[in-house]
Amino acid sequence: MLDTTTRNIKYLPGVGEQRAALLDKELGIRSLYDLLYYFPYKYIDRSRVFKVAELGGHMQHVQLLGEIRSFEEMGEGASRRLVAHFTDGTAFVDLVWFRGLKFVKNRLKLNTQYVVFGKPSMFNGRVNIAHPDVDDAALLKLDNMGLQPYYNTTERMKRSGLNSNAMAKLVQNLFTLLNREIEETLSSDITRKHGLMSLDDALRIIHFPKNGKELQLAQYRLKFEELFYIQLNILHYAKDRQLRYVGHRFAKVGDMFNRFYHENLPFELTGAQKRVVREIRADVNSNRQMNRLIQGDVGSGKTLVALLSMLLAKDNGYQACMLVPTEILAEQHFATLRRMLGSLPVRVELLTGSTKAKERVPLFEDLASGEIDILVGTHAVLEDNVQFYNLGLVVIDEQHRFGVVQRAKMWAKNNIPPHVLVMTATPIPRTLAMTLYGDLDVSVIDELPPGRKPITTTHVFRSRADGMYSFIKKQLEEGRQAYVVYPLIKENEKLDLKNLEDGYNQLCNIFCDYKLGKLHGKMKPKEKDEEMRRFAQGETQILVSTTVIEVGVDVPNASVMVIENAERFGLSQLHQLRGRVGRGAAQSFCLLVTDYKLSEDTRKRMEIMTTSNDGFEIAEADLKLRGPGDMEGTQQSGIAFDLKIANLARDEQILKFVREVAREVVDADPECNHPQYRVVWERLRMIKRMNGWNWGAIS
Ligand code: ADP
Ligand code: MG
C-alpha cells in the first residue's frame, strides 16, 4: 500500500525534482502526507453569482455571469491596458488586464456567456476588476463549484507558477493517486460517540468543500484530532509516571519548617499562600510524585512558598534544588534565601555558569555527600556531573523557560524522581498551560500581600519625555528609586547597547543631582552584582538597564519603571518588567515610552497595558496577538506548536473537550493494550516520530 508519509512529493504528477525542491525549501513539504496536511488558509464562495449592479469598491472576490460587449486598449507604457466592457444586463463593469493583452484578447469572444471571478475595486469613480478569471459559462458547472480553496504560497513559488491554483491542482492529483479511502486515525468509538466525520471525508472536504457547513464539520474533526493527540501524549505521560513511581514521602513537619514559620517569618502568609502550602503538603505526603504548577502574578510571594516547601524536604532528610533562568536571579534568590533563613542551620549554595571550576570541586563534593541542603542554580544544575546525595524536591522558579525536557533531566537526579514544583510568574493562558504543563496539577496564588496598590501605567510619547522627567524627579525627591529599561536583542546587540549608553549619558545630564547605575548582560557577573547591590541598598537612585532585570528582581523602594522603546517588547515581557515595581507600600508607576507613529499591534498592546494589571488577562491578549509559537517558552517546551489547523487562542472549547476525551482513553487503557484503542496508540507513535516529540512514555 502507498505510504503517504514516506513517499517523496516529487513522484506526484505535476511536481518533479525542481518543484519538489521548491516545495521543501519554501513550505517544508517533502512527502505526500505533508501536502495532504497543507490546508488552505481561506475559501472563497463560488456558489453565489453577483449582479453587476450590486458591485462596489470594497467587496471581497465576486463571481459574475454575463457577456463582453466590446474591447478597448488604453494608456501608454506601464499603464497600458486592455479593458473589456462586461455586462449582465443590470450594469456594466470594466475587466482590466495590464499583462498578456494580446493573449487575452485572442482568447475571449464578444457576446458569449462567461463566468467572471475577481476582486472589484474603484478607479476614477468606476468599478473595475483587474486580471479576473474568465471561464466559458457552458463549461463551468456553478452548482458544484462550492468553496474555492486558497493556499499560502511564497513569492518564489509564485514566480515558478506554483500559485494557489497550482497547489489546488496538486492536491487534486494527490487524491487521484491515492485512489482509496484514507485510513482512519481515531478509534471508531471516539468518532461515533462524538459525531466526528471520517478522516477521509474530513481531508477531502478541508481541501475542496462544497459549502460552509460541511467545511465546519471537517475543520472540527481535524482540530479535534490534532489537539487530542497532544493531550493524549501529555496525559498518558503523567499517568505512566504516576503508575511507575512512588513519591518520596515528606511525612513530618519538623524543626526547620516550624522554627522558620514561627520565628523568622516577618509577616503573615496570605490566604492564598497558606492554601498552596497545604496543597503542596498533601502532595508530598501522598506516596505520589508531586508535579505541581504554581501560578501567581508577579509579587504574589511565590519565593516564600518555595522556601517553605524546601524546608519540608530538609525536615524529612532530603535535599532541595531551586532552578532559575538567569544568573542575576539565581544570585538574588541565593541572597534572599540566606537572608530569610538567618541563623537556621540550613546550608544554601549557589551554582551558575560562572561558578569557577575551583569552587565547583568542593561544591560538588558537599552536594554528593548531602552537606548542602538547598542548591540554587541556573541551567548549569541540569548537567550530568551535578549529583545529589538525596534530592527530594526541585523548584523551578520564574517563567516557562524550562519545559518537559528540562524537568525530565531533574527527575533523573535521584533513583526515585524528586517532587517538582514549577512556578510561573507570567501567568500563561489556560490553553497554553494545558498544553505546556498539561501533565501538572495546578495551584493558583490569586491574592497579593496586603497593602499593595495597583501600579498606574501610562503611555508616553517620546516627544513628551520632558514631563516624564519632571515626574520622575518628584518621585526621587520623595526618596523613591526608578528603573529605566532599554530593549536588547542579540541580532541588534551593538546598536541596542549604544542606545543604552546614549540614554544613560542623557539621563546623567538630566538627573545630575542623583546617582545612576547601569546594568546589562555584557558586564561581568561581579560588576552586575555590584550594580544590583548598590541599587538595592539605595546607593543609586536610577538603574538604567536592559531586560536582565526582567524576572524576579526585588527592590521594594523602587516605584518607577520606565520602559524605553516599549513597542519592541511583548505584552508578557512588559508585564514582567512592570512587576519589578509596586512591591513596597508606595504607589508605583510604569511609563511606556514609544514614538508617535505606532503600528496597530503596538497601539493595542499599549492599550492593554494601560488598562489592565491582571497577568492572566494580559497573557490571554498576548496569545491572541502573537500566536502560541511566539510565546515565550514554547520553543523549549519539547512540544510542536506549529499546529496545522487548531489555534490555541481560539479553540479553547475544543481543547478542554478533547482533554477529557483523552483522559478517558488514558484511564480506560493505561497500559496501551486494548484492541479498541490500538489505532489511537499507533497514531500517537507516528505523530511523535514525525514531530520529534522524543519525551513521554510511549515510544
Ligand atoms: P513573586 O516571586 O511571586 O513575584 P516574591 O516572592 O518575590 O514574589 O515576593 C514579592 C515580595 O512580597 C517580596 O518582597 C516578599 O518578601 C513579599 N511577600 C511575600 N509574601 C508576603 C506576605 N504574605 N506578606 C507581605 N509580604 C510578602
Ligand atoms: Mg519570584
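Residues numbered from 1 in each chain as written. Chains lettered and ligands numbered in written order. Predicted model: local features only at pLDDT ≥ 70, side-chain atom pairs only at ≥ 80, totals over all residues. Heavy atoms only, no water.

### Remarks on the overall build of the protein
So, point 1. Scanning the protein from terminus to terminus reveals 23 helices and 22 strands.
So, point 2. Along the three orthogonal principal directions, the C-alpha set of the protein runs to about 100 × 70 × 45 Å.
So, point 3. Looking at the 699 residues of the protein, the share that counts as buried comes to 54%.
So, point 4. Working note: accessible area of the protein is about 32,200 Å², and carbon and sulfur atoms make up 49% of it.
So, point 5. Of the charged side chains in the protein, 95 are positive and 88 negative; the average position of the first set lies 2 Å away from that of the second. (Helix = DSSP H or I, 4+ residues; strand = E, 2+ residues; numbered from the N terminus. Buried < 20%, exposed > 50% of the residue type's maximum accessible area, 1.4 Å probe, protein only. Areas by Shrake-Rupley, 256 points an atom, 1.4 Å probe, with all protein chains shown as cover. Lys, Arg positive; Asp, Glu negative; His and termini not counted. Charge placed at Lys NZ, Arg CZ, Asp CG, Glu CD.)

### A look at the environment of L55
So, point 1. By secondary structure assignment, the location of L55 is in the loop between β1 (42–45) and β2 (62–74).
So, point 2. Judged by its relative accessible area of 11%, L55 is buried.
So, point 3. C-alpha separation for the pair L55 and N414, spaced 359 residues apart in sequence, amounts to 72 Å.

### Topic: the pairing of strand β18 (residues 481–485)
So, point 1. Along β18, five of the five residues are buried, which leaves the element largely enclosed by surrounding structure.
So, point 2. Taking every second residue as pointing to the same face, both faces of β18 are buried, with Q481, Y483 and V485 on one and A482 and V484 on the other.
So, point 3. Direction of pairing for β18 relative to strand β20 (residues 542–545): parallel, over a ladder of four bridges. Note on β20: the bridge partner recorded for Y483 is L543. (Pairing = 2+ DSSP bridges.)

### A few points about the nonpolar core
So, point 1. In this structure, F228, L232 and V381 are the most contacted members of the largest nonpolar core, which totals 56 residues.
So, point 2. In terms of residues, this core owes the most to one element, helix α8 (residues 212–244), which gives nine residues.
So, point 3. Three or more residues apiece are contributed to this core by two domains, here domain 2 (184–244 + 642–699) and domain 3 (255–445).
So, point 4. Apart from the residues lying within four places of it in its own chain, the contact partners of F228 are L186, I190, V658, V661, A662, V665 and V680.
So, point 5. With 42 residues, the next largest nonpolar core counts A272, M290, V324 and L337 among its residues. (Core = buried A, V, L, I, M, F, W, Y, C linked by side-chain atoms within 4.5 Å. Domains from an automatic or database assignment. Contact = heavy atoms within 4.5 Å.)

### Remarks on the packing of helix α20 (residues 600–611) against helix α21 (residues 615–626)
So, point 1. Close contact between α20 and α21 brings their axes to 11 Å; oriented N to C, the two are set at 175°. In this view, α20 runs roughly antiparallel relative to α21, as classed from their interaxial angle. Residues D601, K604, R605, I608 and M609 of α20 form the contact with α21, whose participating residues are I618, A621 and L625. (Axes fitted to C-alpha atoms, helices over the stretch in contact; angles between N-to-C directions. Parallel < 35°, antiparallel > 145°, perpendicular 65-115°, else oblique.)

### Examining the pairing of β2
Consecutive side chains along a regular strand alternate between the two faces of the sheet.
So, point 1. Examined bridge by bridge, β2 and strand β5 (residues 114–118) share five bridges and lie antiparallel to one another. The residue bridging L65 from the neighbouring strand is V115, located in β5.
So, point 2. Across seven bridges, β2 lies against strand β3 (residues 81–87) in antiparallel orientation. Bridged to E72 within β3 is V83.

### Here we look at the sheet that holds strand β4 (residues 92–97)
So, point 1. Ordered in space as β6-β7-β4-β3-β2-β5-β8, the seven strands form an open sheet in which the pairing is mixed. Looking at strand neighbours, the two that pair on one side only are β6 (120–123) and β8 (133–136), the edges of this open sheet. The mean inter-strand angle of the sheet, taken between neighbouring strand axes irrespective of direction, is 45°.
So, point 2. Here β3 runs beside β4; their pairing, made up of six bridges, is antiparallel. Paired with F86 across the two strands is V93, which belongs to β4.

### Side note on the packing of aromatic side chains
So, point 1. All told, the structure shown has 15 aromatic pairs when counted by the stated rule.
So, point 2. Plain terms: the ring middles of F175 and F208 are 6.5 Å apart, the flat faces sit at 65° to each other, and that makes the pair edge-to-face. On the criterion of sequence distance, the pair formed by F175 in helix α5 (residues 164–178) and F208 in the loop between α7 (199–207) and α8 is long-range, its members being 33 residues apart.
So, point 3. The rings of Y220, F224, F228, Y229 and F657 are connected pair by pair, giving a single aromatic cluster.
So, point 4. For R48, the ring lying beneath its charged end belongs to F50, and the centroid distance is 3.9 Å. (Phe/Tyr/Trp six-rings, centres within 6.5 Å; stacked < 30°, edge-to-face > 60°. Lys NZ or Arg CZ within 6 Å of the ring centre and 35° of its normal.)

### Section: the pattern of salt bridges
So, point 1. Under the defined criterion, the tally for this structure stands at 39 salt bridges.
So, point 2. Across the salt bridge formed by K522 and E493, the nearest N and O atoms sit 3.7 Å from each other. Separated by 29 residues along the polypeptide, K522 in the loop between β19 (516–519) and α18 (525–536) and E493 in helix α17 (residues 493–510) bring together distant segments of the chain.
So, point 3. For K522, a relative accessible area of 55% puts it in the exposed group.
So, point 4. According to the relative accessible area criterion, E493 is partly exposed, its value standing at 22%.
So, point 5. The residue K656 makes a salt bridge to E652 at a minimum N-O spacing of 3.7 Å. Of this pair, K656 and E652 are both found in helix α22 (residues 652–668), four residues apart, which corresponds to roughly one turn of the helix.
So, point 6. Exposure remark for K656: the relative accessible area of 32% places this residue in the partly exposed category. (Salt bridge = Lys/Arg side-chain N within 4 Å of Asp/Glu carboxyl O.)

### A few points about the sheet that holds strand β17 (residues 456–461)
So, point 1. Across the sheet, six strands lie side by side as β17-β22-β21-β18-β20-β19; this open sheet has parallel pairing. Bordering the open sheet on either side are β17 and β19, each of which pairs with just one other strand. Direction aside, the axes of adjacent strands within the sheet are offset by 20° on average.
So, point 2. With four bridges joining them, β19 and β20 adopt parallel strand pairing. Bridge assignment links G517 to a residue of β20, and that residue is L543.
So, point 3. Packed onto the sheet, α17 meets β18, β19 and β20 and runs at close to 175° relative to β19.
So, point 4. Of the strands in this sheet, β17, β18, β21 (558–563) and β22 (589–594) touch helix α19 (residues 571–578), which is tilted by about 155° from β21.

### Some remarks on the domain arrangement of the protein
So, point 1. Splitting the protein by domain gives domain 1 (47–145), domain 2 (184–244 + 642–699), domain 3 (255–445) and domain 4 (456–612).
So, point 2. A C-alpha centroid distance of 45 Å is found between domain 1 and domain 2.

### Examining the site of ligand 1
So, point 1. In the vicinity of ligand 1, 17 residues are found, and the nearest of them are G299, K302, T303, R452 and D554.
So, point 2. T270 places a main-chain nitrogen or oxygen 3.5 Å from a nitrogen atom of ligand 1.
So, point 3. Here ligand 1 loses 86% of its free accessible area of 560 Å² to cover by the protein chains.
So, point 4. For the shell around ligand 1, the class distribution of residues is four nonpolar, six polar and seven charged. (Near = heavy atom within 4 Å. Polar contact = N/O pair within 3.5 Å; in protein donor to acceptor, adjacent residues only side chain to side chain. Nonpolar A, V, L, I, M, F, W, Y, C, P; charged D, E, K, R; others polar.)

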